[in-house]
2 protein chains.
Amino acid sequence: MSARTTLKDVAREAGVHISTASRALNPSTASIVNPETVERVAEAARKLDYRPHPLARGLRTNRTMSVGVIIPDVENPLFGPIIAGVESVLVEKGYSVLIGNADRGPSHADSLVEDMLKRHVDGLILATPSRDVSDAARDAQREVSMVLVNRSVDDDSIPAIVGDDHAGIGLAVRHLRELGHERIGHVAGPSWVSTGKGRRDAFLHWIAAVGLDPDADLVEEAEWYQVEPGTTAALDLLGRHPDLTAIVAANDLLGLGCYRAVRSLGKVIGVDVSITGYNDMPLLDLMQPPMTAVRVPYRQMGADAASMLLALIAGEVVSPGRVLLTPTLAIRASTAPSGR
Amino acid sequence: MSARTTLKDVAREAGVHISTASRALNPSTASIVNPETVERVAEAARKLDYRPHPLARGLRTNRTMSVGVIIPDVENPLFGPIIAGVESVLVEKGYSVLIGNADRGPSHADSLVEDMLKRHVDGLILATPSRDVSDAARDAQREVSMVLVNRSVDDDSIPAIVGDDHAGIGLAVRHLRELGHERIGHVAGPSWVSTGKGRRDAFLHWIAAVGLDPDADLVEEAEWYQVEPGTTAALDLLGRHPDLTAIVAANDLLGLGCYRAVRSLGKVIGVDVSITGYNDMPLLDLMQPPMTAVRVPYRQMGADAASMLLALIAGEVVSPGRVLLTPTLAIRASTAPSGR
DNA sequence: TGTCATCCCGCAATCGTTTGTATTGTTAGA
DNA sequence: TCTAACAATACAAACGATTGCGGGATGACA
């Protein structure tokens, strides 16, 4: 709470003009000032514990050195790694990260974007569902650099970093096929969410690709990415096809829903029915049995988004469209060779 | 990316001097300017989509309207609710939240504090372990308002919002006692972490309080708050006391470690041995069996910390020391009446 | 000795606000 | 009619930095 030391103090201490002190302290301009003066100023700055005032600097340079990150729900463990990834690369470059938690619905996300613009962030990273993006974000894009993460927008007008769902579902389906499964079902996410539709389509594609019959009846859509809807959907699916030996869930929570459904039918997970999740969220390996899941590199997703954003801010031309990150498969006990 | 509209533009549009425009737009000074002028200025501001520049304002008023939150590990689901709580009350008041992820060790936390100070945040909320706090934080406290959350510092020189571990452990022990358990063990956290020691002491206190023998031999300390060390500690404990019918774990992950230990001994959780966790992290209710756990109100913890910080910033005298938040008990299938 | 580059450095404007003080115009009181 | 009081607004100085521009000192060279 004490009086801060300003550049003026440093200049006085070093016996130079404030502008000289400024140049001396700034690496990119230090070359045009006498080396020993630079040293003297640096010494003075050190002695006085000088810290440049980011507001004053930002006011002059018209950059806040901050970027906003808007998350649909901070309490969802999924977003921790994304934030961590973003933070790791931005802090490195001297930026700081403002986070906005849009847990009060789509319009809340809009107002957060608005807030961020007021604060004149240098860039924006959005992880909110695409539907929310459309309205406020588009015109925000005119004011500030912007990158989407884990979501994309239909026309790819905003650069996006997303997981390769097609490849991910492929990993799961091929894994099950290699284990000998021939009757594989899919519990899909809501079709109005981009991932819901994308993974569903990918599922049918890969089923055909591994030589099985891509019957749309093998897919049951859950109302929402939660355990309960997953159970309901799985029960429906298993009701129609009691002979299924494997289920590919569009999401970890749906997968856990499948766990419950399978158990309630008196069958054993990983023996009678194999199940795969998607995302590989924390603790999934501690479930009983540990769940095989497609792992999406969320942390890297955040890091890549941040890097791309920095490039945009720097004015580099970034090819728009979406960057696909390749998922891997974490194989655990919920999948096993088919009984027959 | 377009040219921003400044107060000057608004003033020109409204046909008044810039200072008049400033006062007209500021609710606390609008009273000293002619009401119809106020309206005219407001109209102009609306028309031009004027947004005050936070940097310029902050430079003048010496406040950034931002607070820093430092988290030991953003990827840990535990901190999501804390962040959400903090964010919810701060955004409400027009502050924005800078988050720092100290996942590269204690010194990293220090450098983040340093970064935050450079940015001249109006306040700081630290959730990092107390040991890390000591060094950099103390002198940071002289420069900026500061509140700890989920951690406290020995001499209570920094206000802290923490869960009431004593009460929480009491909930678990009394619950087990009421179920008829008489031989209850404790898998403790590391004693050099404040919660480790606190919960251990509380355990022995409550064991005595419910009329059992507070034998220190009933406690086994895990090396770290993780599953694996929990298993090791539980195996040691059960090795010494094969007749234990219940274990109070100092942490959910340690509790899951106990799950493994109990299973590896061929016993059934919730039948042969009851287990309680601590924190009640997400997904704990999806474990097999769902784990009974002490639930700490993390979101409220964040919210309270933020409120207290606002009070500090406003210059109100806040009684130092720690605020204890009362936990509750989420009773699930991992605890059941004692067999005898 | 005079001229000119070269190198450092100081001067001052500027970023967009807020806010203390001066100025203007209006009205009331004597 | 003159002045005091007051309201409403304008002026200008900050806040702390960056940066184009100009000027003084120094040295080289003729």
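The structure under discussion appears in the preceding block.
Draft legend 1. Representation of the protein's contact with DNA strand D within the structure. Inspection of the region around DNA strand D gives 26 residues, with Thr6(A), Leu7(A), Ser19(A), His17(B) and Asn34(B) positioned closest. Secondary structure elements with two or more residues in the surface near DNA strand D: helix H1 (7-14), helix H2 (18-25) and helix H4 (54-61) of chain A together with helix H2 (18-25) and helix H4 (54-61) of chain B. Sort the elements by how many residues they give to the surface near DNA strand D and H4(A) lands first, with five residues. In terms of residue class, the surface near DNA strand D is built from nine nonpolar, 11 polar and six charged.

Draft legend 2. A look at the interface of chain A and chain B. Taken together, the 38 residues of chain A in the interface contact 39 residues of chain B. Put simply, the parts of the chain that give the side of chain A that touches chain B at least two residues each are H4, helix H5 (79-92), strand S2 (96-101), helix H6 (106-118) and helix H7 (130-143) of chain A. Of the residues assigned to the side of chain A that touches chain B, the class counts are 19 nonpolar, 10 polar and nine charged.

Draft legend 3. Region of interest: the sheet that holds strand S8 (residues 246-249) of chain A. Residue and element names in this part refer to chain A. Overall, mixed pairing links the six strands, which are arranged S7-S6-S8-S9-S10-S12 in an open sheet. Two strands lie at the open edges of the sheet, namely strand S7 (219-221) and strand S12 (328-330), each paired on one side alone. Pairwise comparison of adjacent strand axes, ignoring direction, gives a mean angle of 20° for this sheet. Here strand S6 (residues 184-188) runs beside S7; their pairing, made up of three bridges, is parallel. By the bridge assignment, His186 is partnered in S7 with Val219. The strands touched by helix H10 (residues 227-240) are S6, S7 and S8; relative to S6, the strand with the most contacts, the crossing angle is about 145°. With respect to the sheet, helix H11 (residues 252-264) is in contact with S6, S8, strand S9 (274-279) and strand S10 (292-295), its orientation differing from that of S9 by roughly 160°.

Draft legend 4. Just the packing of helix H10 (residues 227-240) of chain B against helix H11 (residues 252-264) of chain B, in detail. Residue and element names in this part refer to chain B. At their nearest, the axes of H10 and H11 sit 7 Å apart, and the two run at 55° to each other. What the angle tells us is that H10 and H11 run oblique. At the point where H10 passes H11, the crossing takes the right-handed sense. When H10 is examined against H11, the residues Val227, Glu228, Pro229, Gly230, Thr231, Ala234, Leu235 and Leu238 are found in contact with a partner set consisting of Leu253, Leu254, Gly255, Leu256, Gly257, Cys258, Arg260 and Ala261.

Draft legend 5. Structural detail: the protein's contact with DNA strand C. Around DNA strand C, the surrounding shell holds 24 residues, and the nearest of these are His17(A), Ser19(A), Leu7(B), Ser19(B) and Ala56(B). Breaking the surface near DNA strand C down by element, the ones donating at least two residues are H2 and H4 of chain A together with H2 and H4 of chain B. Counting residues per element, the surface near DNA strand C draws most heavily on H4(B), which supplies five residues.

Draft legend 6. Representation of the relation of the copies chain A and chain B. With an RMSD of 0.3 Å, the operation that places chain A on chain B is a rotation of 180° combined with a shift of 0.1 Å along the axis. Such a combination of rotation and displacement between the chain copies is what one expects of a two-fold axis. Mapped onto chain B, 100% of the interface residues of chain A again fall at the interface, so both copies present the same surface.

Draft legend 7. The arrangement of the nonpolar core in detail. The biggest cluster of nonpolar side chains holds 182 residues, and the ones touching the most others in it are Ile125(A), Val187(A), Ile125(B) and Val187(B). Excluding anything up to four places from it in sequence, Ile125(B) contacts Val67(B), Val69(B), Val86(B), Val147(B), Val149(B), Ala305(B), Ala306(B) and Leu309(B).

Draft legend 8. Just the sheet that holds strand S9 (residues 274-279) of chain B, in detail. All names here are of chain B. Ordered in space as S7-S6-S8-S9-S10-S12, the six strands form an open sheet in which the pairing is mixed. In this open sheet, the two strands that pair with only one neighbour each are strand S7 (219-221) and strand S12 (328-330). The average undirected angle you get between the axes of adjacent strands in this sheet is 20°. Two elements, strand S10 (residues 292-295) and S12, share three bridges in a ladder whose sense is antiparallel. Directly across from Ala293, in S12, lies its bridge partner Ala330. Together, strand S6 (184-188), S7 and strand S8 (246-249) form the strand contacts of H10, whose direction differs from that of S6 by roughly 145°.

Draft legend 9. The environment of Ala209(B), seen in detail. Residue and element names in this part refer to chain B. Locating Ala209 in the fold gives a position in helix H9 (residues 194-209). Assessed through the 14 C-beta atoms surrounding it within 10 Å, Ala209 is described here as partly exposed. Along the chain, Ala209 and Arg174 lie 35 residues apart, while their C-alpha atoms are 9.0 Å from each other.

Rules used throughout
- Residues numbered from 1 in each chain as written.
- Chains lettered and ligands numbered in written order.
- Predicted model: local features only at pLDDT ≥ 70, side-chain atom pairs only at ≥ 80, totals over all residues.
- Near = placed C-beta within 6 Å.
- Helix = DSSP H or I, 4+ residues; strand = E, 2+ residues; numbered from the N terminus.
- Nonpolar A, V, L, I, M, F, W, Y, C, P; charged D, E, K, R; others polar.
- Contact = placed C-beta atoms within 7 Å.
- Pairing = 2+ DSSP bridges.
- Axes fitted to C-alpha atoms, helices over the stretch in contact; angles between N-to-C directions.
- Parallel < 35°, antiparallel > 145°, perpendicular 65-115°, else oblique.
- Left-handed = near helix turned anticlockwise from the far one by under 90°.
- Least-squares fit on C-alpha atoms with pLDDT ≥ 70 in both.
- Core = buried A, V, L, I, M, F, W, Y, C linked by C-beta atoms within 7 Å.
- Buried ≥ 20, exposed ≤ 12 C-beta atoms within 10 Å, placed from the backbone.

On their own, these measurements won't tell you what the molecule is for.
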